[in-house]
There are 2 protein chains.
Amino acid sequence: MIEKWIDAALGTKKASLVLKNGRFVNVFTGELIGADIAIEGDKIVGYGSYEGQEEIDLKGKIAVPGLIDAHVHIESSQLSPEAFAGLVMPRGTTTVIADPHEITNVCGISGAQYIYKASENTPLEVKVMLPSCVPATAFETSGAVLTGADTEKFIREDFLFGLGEFMNYPGVLAKDPEAIKKLEGARAAGKIIDGHAPSTGGRGLNAYIATGISTDHECIRPEEAEEKISKGMYIHLREGSATRNVAVNCRAVTPYNLRRFLFCTDDRHAADLQENGHLDNALRVAVKAGMHPVQAVIAATLNAADCYHLKGKGAIAPGYDADIAVFDDLKDFRCFMTFKGGKKVAEGGKPLFDASCRALPEEVKNTVHLGVLSPDSFRLKLKGSRANVIRILPDNVVTERAVRTVQSEAGDVVLSGTDLLKLAVVERHRDTGNIGLGLLEGYGLHGGAIALTVAHDSHNVIVLGDRNADMAAAVNELKRIGGGMAIAAGGRIDSLPLDIAGLMSSLPAEEYVTRSQALLSRAYALGIDRRFDAFMSLSFLALLVIPSLKLSDRGLFDVDQFSFCNIDA
Amino acid sequence: MIEKWIDAALGTKKASLVLKNGRFVNVFTGELIGADIAIEGDKIVGYGSYEGQEEIDLKGKIAVPGLIDAHVHIESSQLSPEAFAGLVMPRGTTTVIADPHEITNVCGISGAQYIYKASENTPLEVKVMLPSCVPATAFETSGAVLTGADTEKFIREDFLFGLGEFMNYPGVLAKDPEAIKKLEGARAAGKIIDGHAPSTGGRGLNAYIATGISTDHECIRPEEAEEKISKGMYIHLREGSATRNVAVNCRAVTPYNLRRFLFCTDDRHAADLQENGHLDNALRVAVKAGMHPVQAVIAATLNAADCYHLKGKGAIAPGYDADIAVFDDLKDFRCFMTFKGGKKVAEGGKPLFDASCRALPEEVKNTVHLGVLSPDSFRLKLKGSRANVIRILPDNVVTERAVRTVQSEAGDVVLSGTDLLKLAVVERHRDTGNIGLGLLEGYGLHGGAIALTVAHDSHNVIVLGDRNADMAAAVNELKRIGGGMAIAAGGRIDSLPLDIAGLMSSLPAEEYVTRSQALLSRAYALGIDRRFDAFMSLSFLALLVIPSLKLSDRGLFDVDQFSFCNIDA
C-alpha cells in the first residue's frame, strides 16, 4: 500500500477519491483551510490541489475529522449496534469507545463479544472496553460476575480495548483486593483504564489517579474538571440524554488544557439520537455555550485520538485514516456527509449502509429467567404503620428517603388515597425467586402497573404499580416477550420487546422510536408525572451506587449506609 | 505496588519521598503551583500537603518534569553513554530518544545493542532507535549494511524503540524497494518512524508523511515547521553544537500548534555539553528568543512524551514517573537537582551516580582494519593541470565545487604555494585498501596532517594534509590507537583515542574534554582557520548526502549529480 500512497500523494497517479470545493479544520494549527483532500484507499494522503478517480463536490462545506465518542454505552440507545451506527454515523461520528457495561451485567463476557461482533456489521469503528464493575455492588443479583481473576484473563484479549469506567471508587481507596486485581490486570496488559469519580478531589483523587485511571466523565462543575485535568486526567465533556454537562464544563477550557478535553455521550436513547443527534448535538451545545468551534472540533477528534492512542485518527492530514465528517457550518453542525475509511457512509442524515440488526447469538437472547408470578407475590406486609419510602425527584437519579404512615389491610399495604406506589425488583437472571419490595412516592401512576427489564446495573425486572394483579401481569408479559417494557392496566397489556438481553431492541431505529413513544404515551395516560421519563426514570431506582434509598432484588438498600435497610421505619 | 501508591496518596502512610518548599510547572494547565510533591517508590502519587519518610527542601525553586531529548546521536558527544548521562542528567535531562546511527554504521546492530546496554549502567532512560540508513548511500564502504530484510527482522526486537530518522527522502519518493521494506517493517511492528526531510514541502512532503513518518528535526525556517505541523508531523526544535535552530523555529509556536513541538539536540559534543549544557541550553535559547517559558517546558516534556507514547512521562502528576528536574528559575534554567524514578541522581551540576565507562564489548573495540600506509599511498596523479576541488565554507556542512589550476611534479600534485590540501578517505572497516583522494581549498593547514576515524556517515578514516609522509603517519597512528584523532607534523605525532568504534572515548567526560581541547589547540597551531572546528568540520566532508562535492573511500563524489566524478576537470 505504501507505494500507492506515495503515487497518490505525489499526484503521479490519480488518488482513488478526492474531496473538492470544501474547506477543512486543521486540528494541528486551528486553521480553516481551503484545499482538495486526496484519499487513497482508506487513507488520506494529502491536501492541496489534486485530481481523483472519483471526485466529490463538498459545495463549500466544512470537513472535520470523523467525530469520536470517547465514552458511550451503546445499550442506552436501546438499539442494536447496527441501528445505533445507522443513527450516529449520519451525524458525523466515525469511532466510539463503547463500554458494554449493561449487557455484560446480563450476559457476561458474551455481551461484550456481541457488541464487538455486531459492530463489525457496520462501518462504525467501535473500540470495546471490558466493564470493570460486574456487578456494580455485592448487594444485588446480576446475570454475570466478572471477578478480578476474570478481568485479568479477559483484559488481555485483543478485542478488548481497555478497562471500562472504574465506578468502584470507594473500593479503590479501600484497596479492595478485587478492585486492585482488576487494575493490575489492565496495567499489565498495557491497556487504558477509564474512570468515573464524581465529585472527588484532593488526596482521594490523587490516590484514584495514581492507580493508573486516566479519564473522567462525571464532572458537573468547571472547578472539578480543572482539578482533575491538573492531576493528569482527560476529561470527557458529556452530553447524554439525562446528563448534560457540556455547557457548564466547557467553561473550564483554556488554551493550555484544551488538549485534555474530549466529548462523550455516555447514555443517549434512540429518540434523542434520532431527534437531536449525537456528538453533533454536543458540539452545538458547546459552541452555543461559548466554546470556540475549532476548539470543540479538536476536542471531539484529535484529543480523543491522543487520549486513547487511536493511531491515525483525529486529523485530516497525510497518513491519517480517511474518517471525515462534513458539516454545513461550525455552528449548527448539520452533517452533510460522513466518510469512513475512504468510503461515503452517510449523506443527508441517512446511512448508506445496512443498519438492520443481524441474527442474534443465543447468548443475548432469552435472558429472562423467572417463574410465573401471582398477584400475591407483591403483597407487602408491614409490622407497623411507619414505612421507609423512596422519594423520587425530577431531573435527578438521586432519591430521598422519607418516612410515611401507611395503612395495612389483610396483610398488604393500602395504597389508595396516598401518593405511594409499590415498587418491586424481581430477579430475572437465574430464577432465584428473589423479589425486593418497596414503596415509592411522587411518580403519579394510578390504576395499573409499568415494568421493564432495564434496571441499572443488574437489569433485573423493575415494576411499579398500585395493583398487585397488574404488577404480576406486567412482569409475566416481560417473561412472555423475553424482556422489554410493559404496561398492564384496565385489563389491557401493552408491551415492546427488548429482545437483546432485555436491554435493546432488534427493531430498526425509526420503528423502535415510534413504538416506544406510543408506549410512553400510554404510560403517561396512567397519570405518570411528565417530569419523569416514564420508563427510564424507573431504571435508576435499582442503582445501588447512587444515593439515598434504592431497591435491589434482595431488598431495600440504604446507599448512604451502604447496607440493606428495613422497610419498617 | 498499587496499594502503596494509594496509601501514600491518601497520606495514610508517609510517602517514601516528599519534595517540599518548591513550586512546579503544571504542564496540563500551564500554571506554576506551590505544593509538596509526594513520591512513592518510582512514581509521583500526588501533590498538595504531604509528609515523607524522606523530605527534600527545594528552597523555593521550580520543579518541572524530567526533560526529554527527543532525538540525539549519543555518539556525537564522543563520550560513552555512561559519561554522556553524567553530563546531561545534571542539566535536567532524564530521558533521551537515541538514534545510534553512527556506531551502527561502524558495528552493525551490535553498535545499537552497545548503546542500549551501556545506557543501562546509568539512570538515564535511553530509548534506542534502529538506524534506517546503514549505509547512508551505496557509494561508500561502511562497516555494516542493514538491508530492508534486516530492518524488518530487527525492528521487532523489544530493545528497539522505533525506526531512526529516515534520511533517504529521495528513496521514499522514488519508492525504492529497500526503503519501502524498512518502512513497512516498522509499520508492521507498530513502531514510530522518525523523519529527516530538510526543506521539503508540498506534495513531496505529503507523500513522505503518508508513509507513516511522523517527526522532523531539520526545519530551518518557521514556515517550514508550520507546514510540516499542519500536515501532522511533530517538529523538534533542535539546538545542537553545529545546528542551532531553536531561536528561529520557536517563532512558529502558537497556542494551537504548541503540542506538536518538541526539543532535541541531535548532535552535541562533549565540550559543548560540559560548557553550555544540554536541553537546559535549548530552553534558555528558546526563552531568550521569546518563547513563553512554560510553553518551552511543555515542549520539552509532555509533548515529547505524547509524540513518542512515553506512558507515564512528561508531567508532575499522580501516576507519573518521578522524573523531575529542579531549576533555579525558568529563565536561566540552572539545574539545582535532578530526580529519576524517585531517586536524586544529580545535584549542583554533578551526577550522583557512577558515570564511568564500563568494560566494552569486543564488537565495538578494535574497529580499525587497514594495512600500514606509506607516503606513496597519497600520491595524486592528475592527467592535466585542471582539477575539481572541494571548497569548504565556514559555518556550513555544504561544500562548493571549484576548478583550479594545479602543478604536478614526479606524478604528484604540488601543493606548496597554493591554498589547497590533499584530502583522503581511507576505508578502515574491511581492509579493502580503498583510498579516495581529492583536493580541498580553504582550510588553512600548513606543514602536516590531521586525521580522524569520525567521518559521516560511514566513518572511514578522513585525513587532510600537505605532506604525504605526515598523512601516512597520522593514519598509521589511528591504526595503532584503534581509532580516534591524530595530528602528524614536524616529526611529532599527537593523538587521542576514540576507542569505542573509533567514534567515542571511554575516558571520563572532563578528561576527554581537556585532552581533546589540547589536541584542538595543536591543530590550530598548524594554521587551520579558526572558523572551522579543526576535526569535526572534516568529518562532514565524507557525507555524501550533503551538496555539493564530497569524498568517499571510492572517490570524489558529485552530490548534485549523485554520482562519482573525476578529479581531472
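Reference entry: report on the structure contained in this document. (Residues numbered from 1 in each chain as written. Chains lettered and ligands numbered in written order. Predicted model: local features only at pLDDT ≥ 70, side-chain atom pairs only at ≥ 80, totals over all residues. Heavy atoms only, no water.)

## Quick look at the interface of chain A and chain B
Argument step 1. Chain A puts 55 residues into the contact, and the matching count from chain B is 55 residues.
Argument step 2. Here chain A packs against chain B, burying approximately 4,800 Å² in sum over the two surfaces, 58% of which is carbon and sulfur.
Argument step 3. When residues of chain A are sorted by the area they lose upon contact with chain B, A:Arg203, A:Tyr256 and A:Arg259 head the list and together hold 17% of the total.
Argument step 4. Inspection of the chain A/chain B interface yields 4 salt bridges.
Argument step 5. A salt bridge links A:Asp306 to B:Arg259; its shortest N-O distance comes to 3.0 Å.
Argument step 6. Viewed at the interface, chain B and chain A are joined by 18 residue pairs in polar contact (both at pLDDT 80 or more).
Argument step 7. Sorting the residues of the side of chain A that touches chain B by element identifies helix 1 (2–10), strand 5 (43–48), helix 6 (169–173), helix 7 (177–188), helix 8 (202–210), helix 9 (222–230) and helix 13 (293–307) of chain A as the ones contributing at least two each. (Contact = heavy atoms within 4.5 Å. Buried area = accessible area lost by both parts, 1.4 Å probe. Salt bridge = Lys/Arg side-chain N within 4 Å of Asp/Glu carboxyl O. Polar contact = N/O pair within 3.5 Å; in protein donor to acceptor, adjacent residues only side chain to side chain. Helix = DSSP H or I, 4+ residues; strand = E, 2+ residues; numbered from the N terminus.)

## Some thoughts on the environment of A:Ala402
All names here are of chain A.
Argument step 1. Assignment of secondary structure puts Ala402 in strand 21 (residues 399–405).
Argument step 2. The buried category is assigned to Ala402, whose relative accessible area is 9%.
Argument step 3. Put simply, Ala402 and Ala534 are 132 residues apart on the chain and 22 Å apart in space, counted from C-alpha to C-alpha.
Argument step 4. Setting aside anything within four residues of it in sequence, one finds Ala402 in contact with Ala387, Asn388, Val389 and Arg391. (Buried < 20%, exposed > 50% of the residue type's maximum accessible area, 1.4 Å probe, protein only.)

## A look at the relation of the copies chain A and chain B
Argument step 1. Each copy of the sequence occupies a distinct position, and chain A is placed on chain B by a rotation of 180° and an axial shift of 0.0 Å, giving an RMSD of 0.1 Å. What the superposition gives is, in effect, a two-fold axis relating one chain to the other. Within chain A, the C-alpha atom positioned nearest to the axis of rotation is that of A:Pro255, 3.0 Å from it.
Argument step 2. Mapped onto chain B, 100% of the interface residues of chain A are again interface residues, and the two copies thus contact each other with one and the same surface. (Least-squares fit on C-alpha atoms with pLDDT ≥ 70 in both.)

## As for the side chain of B:Asp99
Residue and element names in this part refer to chain B.
Argument step 1. Assignment of secondary structure puts Asp99 in the loop between strand 9 (93–98) and helix 3 (101–107).
Argument step 2. No salt bridge forms around the buried Asp99; measuring N to O, its nearest opposite-charge neighbour Arg238 is 11 Å away.
Argument step 3. Apart from residues lying up to four places away in sequence, Asp99 is in contact with His71, Val72, His73, Glu75, Met129, Pro131, Gly164 and Glu165. (Lys, Arg positive; Asp, Glu negative; His and termini not counted.)

## Some words on the packing of aromatic side chains
Given two aromatic rings, their pairing is described by the distance between the two centres and the angle made by the two planes.
Argument step 1. With the rule as written, the count across this model stands at 24 aromatic pairs over all chains.
Argument step 2. Ring geometry for B:Phe139 versus B:Phe557: centroids 4.8 Å apart, planes at 45°, classification tilted. Of the two residues, B:Phe139 is situated in the loop between strand 10 (125–130) and helix 5 (148–154) and B:Phe557 in strand 31 (residues 555–558); the sequence distance between them amounts to 418 residues.
Argument step 3. The class of B:Phe139 is partly exposed, set by a relative accessible area of 22%.
Argument step 4. Its relative accessible area of 0% is what places B:Phe557 among the buried residues.
Argument step 5. Among the aromatic side chains, those forming a connected cluster through ring pairs are A:Phe139, A:Phe557, A:Phe562 and A:Phe564.
Argument step 6. In this arrangement the basic side chain of A:Arg203 is found over the ring face of B:Tyr50, its NZ or CZ atom lying 4.9 Å from the centre.
Argument step 7. In this structure, A:Arg260 packs its charged tip against the face of A:Tyr234, placed 3.9 Å from the ring centre. (Phe/Tyr/Trp six-rings, centres within 6.5 Å; stacked < 30°, edge-to-face > 60°. Lys NZ or Arg CZ within 6 Å of the ring centre and 35° of its normal.)

## Things to note about the pattern of salt bridges
Argument step 1. This structure, assessed with the given rule, holds 78 salt bridges over all chains.
Argument step 2. For B:Arg401, the salt bridge is made with B:Asp558, and the minimal N-O distance between the two is 2.5 Å. Here the residue B:Arg401 occupies a position in strand 21 (residues 399–405), and B:Asp558 occupies one in strand 31, the gap between them amounting to 157 residues.
Argument step 3. The partly exposed category is assigned to B:Arg401, whose relative accessible area is 40%.
Argument step 4. By relative accessible area, B:Asp558 is classed as buried at 7%.
Argument step 5. Because the salt bridges share partners, they merge into one network encompassing A:Lys43, A:Glu125, A:Lys127, A:Lys313, A:Asp321, A:Asp323 and A:Lys340.

## Let's talk about the state of the cysteines
Argument step 1. Under the defined criterion, the tally for this structure stands at 0 disulfides over all chains.
Argument step 2. Here A:Cys133 stays unpaired: no disulfide links it, and the sulfur of A:Cys264, its closest cysteine neighbor, is 16 Å away. (Disulfide = S-S within 2.5 Å.)

## With respect to the packing of helix 12 (residues 279–288) of chain A against helix 13 of chain A
Residues and elements named next belong to chain A.
Argument step 1. Between helix 12 and helix 13, whose axes approach to 9 Å, the crossing angle comes to 145°. Note that helix 12 runs across helix 13; the crossing there is right-handed. Taken together, the residues of helix 13 that come into contact with helix 12 (itself represented by Leu283, Ala286 and Val287) are Pro293, Ala296, Val297 and Ala300.
Argument step 2. Split by residue class, the contact of helix 12 with helix 13 holds 7 nonpolar, no polar and no charged. (Axes fitted to C-alpha atoms, helices over the stretch in contact; angles between N-to-C directions. Left-handed = near helix turned anticlockwise from the far one by under 90°. Nonpolar A, V, L, I, M, F, W, Y, C, P; charged D, E, K, R; others polar.)

## Overview of empty space enclosed by the protein
Residue and element names in this part refer to chain A.
Argument step 1. Using the criterion set out here, one finds 4 cavities of 30 Å³ or more in the structure.
Argument step 2. Quantified by volume, the largest cavity comes out at close to 60 Å³.
Argument step 3. Lining the largest cavity are Pro65, Gly66, Ile68, Thr94, Thr95, Lys313, Gly314, Ala315, Asp321 and Asp323.
Argument step 4. Classifying every residue of the lining of the largest cavity gives 3 nonpolar, 4 polar and 3 charged. (1 Å grid on protein atoms, 1.4 Å probe; cavity = no way out; pocket = protein on both sides within 12 Å on 5 of 7 lines; lining within 4 Å. Points joined across faces, edges and corners; volume = space filled by probe spheres on them.)

## Regarding the sheet that holds strand 12 (residues 192–195) of chain A
Residues and elements named next belong to chain A.
Argument step 1. Spatially, 5 strands are ordered 8-9-10-11-12 in an open sheet, and the strand pairing comes out parallel. Lying at the two open borders of the sheet, with one neighbouring strand each, are strand 8 (67–72) and strand 12. The sheet shows a mean angle of 30° between the axes of neighbouring strands, direction not considered.
Argument step 2. The sheet contact formed by strand 10 (residues 125–130) and strand 11 (residues 160–166) spans 3 bridges and is parallel. In the strand pairing of strand 11, Met129 is matched with Gly162.
Argument step 3. Sitting on the sheet, helix 4 (residues 109–119) is in contact with strand 10 and strand 11, with an inclination near 170° to strand 10.
Argument step 4. Its contacts with the sheet put helix 13 on strand 8 and strand 12, and the angle it makes with strand 8 is roughly 55°. (Pairing = 2+ DSSP bridges.)

## Points about the packing of helix 1 of chain A against helix 8 (residues 202–210) of chain B
Argument step 1. Orientation of helix 1 of chain A relative to helix 8 of chain B, taken along the N-to-C sense of each, is 160°, at an axis distance of 8 Å. If you check the angle between helix 1 of chain A and helix 8 of chain B, you find them roughly antiparallel. Crossing of helix 1 of chain A against helix 8 of chain B: the hand is right-handed. Only B:Arg203, B:Gly204, B:Asn206, B:Ala207 and B:Ala210 of helix 8 of chain B make contact with helix 1 of chain A, whose side of the interface consists of A:Trp5, A:Ile6, A:Ala9 and A:Leu10.
Argument step 2. Partitioned by chemical class, the residues of the contact of helix 1 of chain A with helix 8 of chain B number 6 nonpolar, 2 polar and 1 charged. (Parallel < 35°, antiparallel > 145°, perpendicular 65-115°, else oblique.)

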